[in-house]
Structures are given as C-alpha cells and as structure tokens.
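Now for the letters of each chain:
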Amino acid sequence: MTDIKSQNSYIYGLLKGLPIALGYLSVSFGFGISALGQGIWGLGTILISLTNLTSAGQVAGVAIIAAGGTFLEMALTQLVINIRYCLMGLALTQKLDKSFTTIHRMITSFGITDEVFAVAAAERGMIGRRFMYGLITLPYFGWALGTTLGVYAGQILPQNLCAALGIAIYSMFVAIIVPPSRDDKGTLLAVLISSGISCAFYFIPLFAGISQGFSVIICAVVAAGIMAFVAPKDLET
Amino acid sequence: MTRQFFAYLLVMALVTYGIRMIPFTLMRSKIKSKYIKSFLYYVPYSVLGAMTFPYIFYSTGNVFTAALGTAVAFVLAFFRCSLIVVAICASMAAYLAGLI
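None of the values given here were measured: they were computed from a predicted structure.

Rules used in this analysis
- Residues numbered from 1 in each chain as written.
- Chains lettered and ligands numbered in written order.
- Predicted model: local features only at pLDDT ≥ 70, side-chain atom pairs only at ≥ 80, totals over all residues.
- Helix = DSSP H or I, 4+ residues; strand = E, 2+ residues; numbered from the N terminus.
- Contact = placed C-beta atoms within 7 Å.
- Buried ≥ 20, exposed ≤ 12 C-beta atoms within 10 Å, placed from the backbone.
- Axes fitted to C-alpha atoms, helices over the stretch in contact; angles between N-to-C directions.
- Parallel < 35°, antiparallel > 145°, perpendicular 65-115°, else oblique.
- Left-handed = near helix turned anticlockwise from the far one by under 90°.
- Nonpolar A, V, L, I, M, F, W, Y, C, P; charged D, E, K, R; others polar.

Student: Tell me about the environment of Thr51(A), and please be specific about residues and values.
Tutor: By the element assignment, Thr51(A) lies in helix 2 (residues 42-52). Each C-alpha atom of the pair Thr51(A) and Ala144(A) lies 9.5 Å from the other, and the pair is 93 residues apart in sequence. Residue contacts for Thr51(A): discarding those within four places in its chain leaves Leu9(B) and Ala13(B).

Take a look at the structure:
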C-alpha cells in the first residue's frame, strides 16, 4: 500500500477479470459454433478470436468473410462497430497512473473491451499497469478458450444449456449498471435514455438499417451528451 | 483460400487494434473541461445500457426464460451481488425456466 490512490495489483486485476472471462466463455463458445457453421475453418476461427478480441466486430467480420466481401467493406465495418473502443480508451487515459509508459499503453490497449473498460472505469481512483495486465489476462484466454471449445465441442453440450448460457454476458452488464444507477439519478437517467433509444432502433422498422455496432455509438453519445449537460459531475481523479 | 483468409484476418485485426491503441497511447494530458469529463463518466453506463437492451431478452432464444433470467439479474444486482454471482444465477434461472 504505497499509494492508496492508485490500484496496481496484478492479483486484484485477475480476480476482477474472472467473471468477465466466464462470461466470455459462453459468448465466444457461441461465436465458434456460428463461425464454423458459416464455413470458416476451425483454426482460422480461433485465430480471429486471438487477434481481435471483440464480439460484435468478429461476428460481422465472419459474415463478410463468408460472403466474400471486399477488404474496404471489412475495414469500414470494423471501424464503425469498434469505434466505441476509441471513446473508452480516451476515457480510461484519464485514470492511468505514471506506471503506464508508451509500451505498456500499446500492449494493454489490445485488451480494452466493453466489459474490461466498464470494470476498469468503475475502479475508484487511478489504475496502474499491473492491475490492467491482471484485468485483461483471464478475459483474453477465456475468449480464446470459449472459441476453441465452440469450434471443437459445440455438438457435445446439451443445446438448452448452451442457450441458457447466452444470458451470462448480458446479466453481467446488468450487474455493472444497476448498483451505480441505484446510487445516482444521473447515471440511472443515462442508462434509461440509452436503453430507450436502443430499443427504438431495434423495434421501429424505419431504423432497421442501423447495425448494432452503430446503434451503440449513437445511443451512448446521445445519452452521455445529454446527461453531461443536465447533470455534470465534479470528478476528482 | 487460406491466403485470402489471412488477408481478411489482417485487415480485421489491424483496424480493431488501431482503434484501441492510438487514442490510448497518444492521449497524455488531463482533460480540463467539466463537460467532457462528465460525458466520459456517463459513456460506460450508456454503452452497456444500449448493449443490454433489448438484446438480453433474446439472449437465450426464448423470451420467457430470458425475462426470468433478467429479473433474477436485476434483483441480485440491486443488492450488490458480485458480477460472477449475478451471471451464474441468471444463467441458472434461464436454464431451469427452460426445463419447465
């Protein structure tokens, strides 16, 4: 405990990453099954997970590979779906302590996912590089392991168990957003606005052309933009 | 076929990594604006809200089992159970509801 304002324990990071990794197991399991079903070779599917580490981006990418799309289409799709990581990365830079030199930023940035970001951002005070390495370790291997299991063992697990595991990652999101929404009206409103717009995009036929990745960007920017104006935060980080 | 696949893989991986690495590595200053700081504070919760709804209700392939799992997740999260407890209990609730 040299600096109480900075969280820099690898083990603490590992523990925080464990539930994310378990959530990823089921999601990437489904990804493995689905990619194989679309004719992507098994080892290639695992390589995609090892090099991309992004659920929505990989699902869209596999669809483009399967359809024989252009490289430009692939690049643009990944850009639009994953641009949220740019926002998240920017937000996280405000919490990094001095242990984050350029090389460590370049390495750990690879592990920024929605869930890793949410957990890291929810940490009180500054975060150190050891914490970040710990946090991304298990989710990375969980994502790869789940994909591998999905590719090679998808047919073995009972179908209804696979289906039920589909809710794991979403219930984890719920567990992240509910406690702060309970404590803070601004956060609650931000969640309600963004969820409301997301549902509107999903259910109103006029918006059917908006992909999920793009929808997330619009919802987040609008909700956070409104709430930052209506209920600005005095943040000391 | 394999060559083609690796070309796709390279494009996917490079674009995704670039989006993550560039802002995270280059942004070194403290943001002063109270508005931007507040905006960034609200982004994660907004992102997760938009990723969860309405998709959570279709996550098990059955709206009934998913709704039950969602309800369990909400109650446990409200009482501040850890992420892993919420995830496992919600999945179990959805699985058990599917057996009925």
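The structure having been displayed, the exposition proceeds.
Student: How would you sum up the environment of Met92(B)? Please name residues and give values.
Tutor: Residue and element names in this part refer to chain B. Position of Met 92 among the secondary structure elements: in helix 4 (residues 83-99). For Met 92, a count of 16 C-beta atoms within 10 Å gives the class partly exposed. For the pair formed by Met 92 and Gly 69, sequence separation is 23 residues and the distance between their alpha carbons is 7.8 Å.

Student: Just give me the short version of the packing of helix 4 (residues 71-82) of chain A against helix 1 (residues 2-26) of chain B, but keep the residues and values in it.
Tutor: In the contact formed by helix 4 of chain A and helix 1 of chain B, the axes pass within 9 Å of each other and the chain directions differ by 30°. In terms of orientation, helix 4 of chain A lies roughly parallel with respect to helix 1 of chain B. The crossing of helix 4 of chain A and helix 1 of chain B is right-handed. Seen from helix 4 of chain A, the contacting residues are Phe71(A), Met74(A), Ala75(A), Gln78(A), Leu79(A) and Asn82(A); seen from helix 1 of chain B, they are Ala7(B), Tyr8(B), Val11(B), Met12(B), Val15(B), Thr16(B) and Ile19(B). Classifying every residue of the contact of helix 4 of chain A with helix 1 of chain B by side-chain character gives ten nonpolar, three polar and no charged.

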